[in-house]
Amino acid sequence: MSAVGGGCRPKAQVSRLLSFSASHRLHSKFLSDEENLKLFGKCSNPNGCGHDCKVVVTVHGEIDPATGMVMSLTDLKKYTEEAIMQLLDHKNLDVDVPYFADVVSTTENVAKVPPVGVLYKVKVYETDSNIVVDKGE
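Everything in this summary refers to the structure shown in the same document. (Residues numbered from 1 in each chain as written. Predicted model: local features only at pLDDT ≥ 70, side-chain atom pairs only at ≥ 80, totals over all residues. Heavy atoms only, no water.)

Points about the overall build of the protein chain
Which entries qualify depends on this criterion: By definition, any uninterrupted DSSP run of H or I lasting at least four residues is a helix, any uninterrupted run of E lasting at least two residues is a strand, and each is numbered from the N terminus. The globule rule used here is 2.2 Å times the number of residues to the 0.38 power, and the radius of gyration it is set against is calculated over C-alpha atoms. Accessible area is worked out with a 1.4 Å probe on protein chains only. A residue is then buried under 20% of its type maximum, exposed over 50%, and partly exposed in between. Residue contacts follow a heavy-atom distance rule, with two residues in contact if any of their heavy atoms lie within 4.5 Å. Residue burial considers only the protein chains on display, and all accessible areas are found by Shrake-Rupley using a 1.4 Å probe. Counted as positive: Lys and Arg. Counted as negative: Asp and Glu. His and the chain ends are not counted at all. To locate a charge, take NZ of a lysine, CZ of an arginine, CG of an aspartate or CD of a glutamate.
If you tally the helices and strands in the protein chain, you get four helices and five strands. Listed N to C, the secondary structure of the protein chain is β-α-β-α-β-α-α-β-β in terms of helices and strands. A globule of 137 residues ought to have a C-alpha radius of gyration of about 14 Å, yet the protein chain, at 18 Å, is considerably larger. In terms of overall dimensions, the protein chain has C-alpha extents of about 65 × 25 × 25 Å along its principal axes. A burial count over the protein chain gives 33% of its 137 residues as buried. In the protein chain, 64% of the contacts between residues at least 6 apart in sequence involve partners at least 24 apart. Accessible surface computed for the protein chain: about 8,600 Å², of which carbon and sulfur atoms make up 53%. Of note, the protein chain has its 15 positive side-chain charges centred 5 Å away from the centre of its 18 negative side-chain charges.

Right under this line is the structure:
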C-alpha cells in the first residue's frame, strides 16, 4: 500500500551524533585484582583510564504529516544533552554516575545509560575500533 493517500504513514529514523570525554576503571568486585587485570588490561589500572567517546542516538517512528518530522531536532538535542552529556561528559563514571555504583562501567553498560523509551538505538564508540550498539533488548 502506498504511503501517499493510502492510509499508511511513512516511517524514518533520525540520529544525532555527540562526543563526550570520561574516565573510568574497569573493575569487577566479583574478581580478584589479578583476574581484573587479565580481563580488562590497562583499563583496570587503579587510577583508571580516559576515553573520548562518540555516541549516536537514533529515534524512529512515523513521519508526522503536519511537521514532516519523526521528532523535532531541537527536542532530540535537548533530550541527548540531558540524558547523555550532562550525565557523562567530563565525569569519572565510577564516582560521578550513580548507575555505575554497582555496575562495571564497560561500553556495553554506558550504552544502557540513556532511557530506551524514546530511543530506537544507542551506538557508543569508545574508540574507533571498539563499538557497542544497544537497542534496548
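Section: the pattern of salt bridges
So the rule is basically this: Each salt bridge in this description consists of a side-chain nitrogen of Lys or Arg and a carboxyl oxygen of Asp or Glu lying within 4 Å of one another.
Under the criterion given, the structure shown has three salt bridges. With a closest N to O distance of 3.6 Å, Arg9 and Glu62 form a salt bridge. In this pair, Arg9 sits in the segment before strand S1 (11-24) while Glu62 sits in strand S2 (residues 49-62), placing the two residues 53 residues apart along the sequence. By relative accessible area, which is 39% here, Glu62 ends up partly exposed.

Remarks on the nonpolar core
Rules: Residue types Ala, Val, Leu, Ile, Met, Phe, Trp, Tyr and Cys, when buried and joined through side-chain atoms within 4.5 Å, form a set referred to as a nonpolar core.
Formed by 25 residues in total, the largest nonpolar core has its most connected members in Phe20, Val55, Val57, Ile84 and Leu88. Of all elements in the fold, only S1, S2, helix H2 (73-88) and strand S4 (121-125) reach the threshold of two or more residues within this core. Broken down by element, the residue count for this core peaks at six residues, all from H2.

Comments concerning the pairing of S1
Residues in a regular strand point their side chains to alternate faces of the sheet. Which entries qualify depends on this criterion: Pairing between two strands is assigned when DSSP locates at least 2 bridges connecting them.
Where S1 meets S2, 14 bridges bridge the pair, whose relative direction is antiparallel. Bridging from a neighbouring strand, Ser15 pairs with Thr58 of S2. Where S1 meets strand S3 (residues 91-92), two bridges bridge the pair, whose relative direction is parallel. Note that in S3 the partner of Ala22 across the bridge is Lys91.

A short note on the packing of aromatic side chains
Defined as follows: The rule is short: rings of Phe, Tyr and Trp, with Trp giving its six-membered ring, pair when the centres are within 6.5 Å, and they are stacked under 30 degrees, edge-to-face over 60, tilted in between.
Under the definition given, this model contains one aromatic pair. Residues Tyr99 and Phe100 carry aromatic rings whose centres are separated by 5.0 Å and whose planes lie at 80 degrees to one another, so their mutual orientation is edge-to-face. Here Phe100 falls in the buried class, since its relative accessible area comes to 3%.

Points about the sheet that holds S4
To keep things clear, this is the line we draw: Between N-to-C directions, angles cover 0 to 180 degrees, with each direction set by a line fitted to C-alpha atoms, over the stretch in contact for helices.
Judged by pairing direction, the sheet is mixed, and its five strands sit side by side in the order S3-S1-S2-S4-S5 without closing on themselves. Where the open sheet ends on each side, the last strands, each with one partner, are S3 and strand S5 (131-134). Running at roughly 20 degrees to S1, H2 makes contact with S1, S2 and S3 of the sheet.

Some words on the environment of Gly41
Mapped onto the fold, Gly41 is located in the loop between helix H1 (33-40) and S2. Between the C-alpha atom of Gly41 and that of Leu26, which follows or precedes it by 15 residues, the distance is 8.7 Å.

Observations concerning empty space enclosed by the protein
To keep things clear, this is the line we draw: Whether a set of points on the 1 Å grid over the protein atoms alone is a cavity depends on a 1.4 Å probe fitting there but being unable to get out, while an open set qualifies as a pocket with protein on both sides within 12 Å along at least five of seven lines; lining residues are those with an atom within 4 Å of a point. Grid points are joined across faces, edges and corners, and a volume is the space filled by probe spheres set on the points. Residues are grouped as follows: nonpolar covers Ala, Val, Leu, Ile, Met, Phe, Trp, Tyr, Cys and Pro; charged covers Asp, Glu, Lys and Arg; every other residue, Gly included, is treated as polar.
Going through the model one piece at a time under the given rule, you end up with one cavity of 30 Å³ or more. Space inside the largest cavity adds up to approximately 90 Å³. Every residue along the wall of the largest cavity is listed here: Phe20, Ala22, His24, His51, Cys53, Leu93, Ser105, Thr106, Thr107, Val110, Val124 and Glu126. Residue assignment for the lining of the largest cavity shows that the elements contributing at least two residues are S1, S2 and helix H4 (107-110). For the lining of the largest cavity, the element with the most residues is S1, which contributes three residues. Across the lining of the largest cavity, the residue classes tally to six nonpolar, five polar and one charged.

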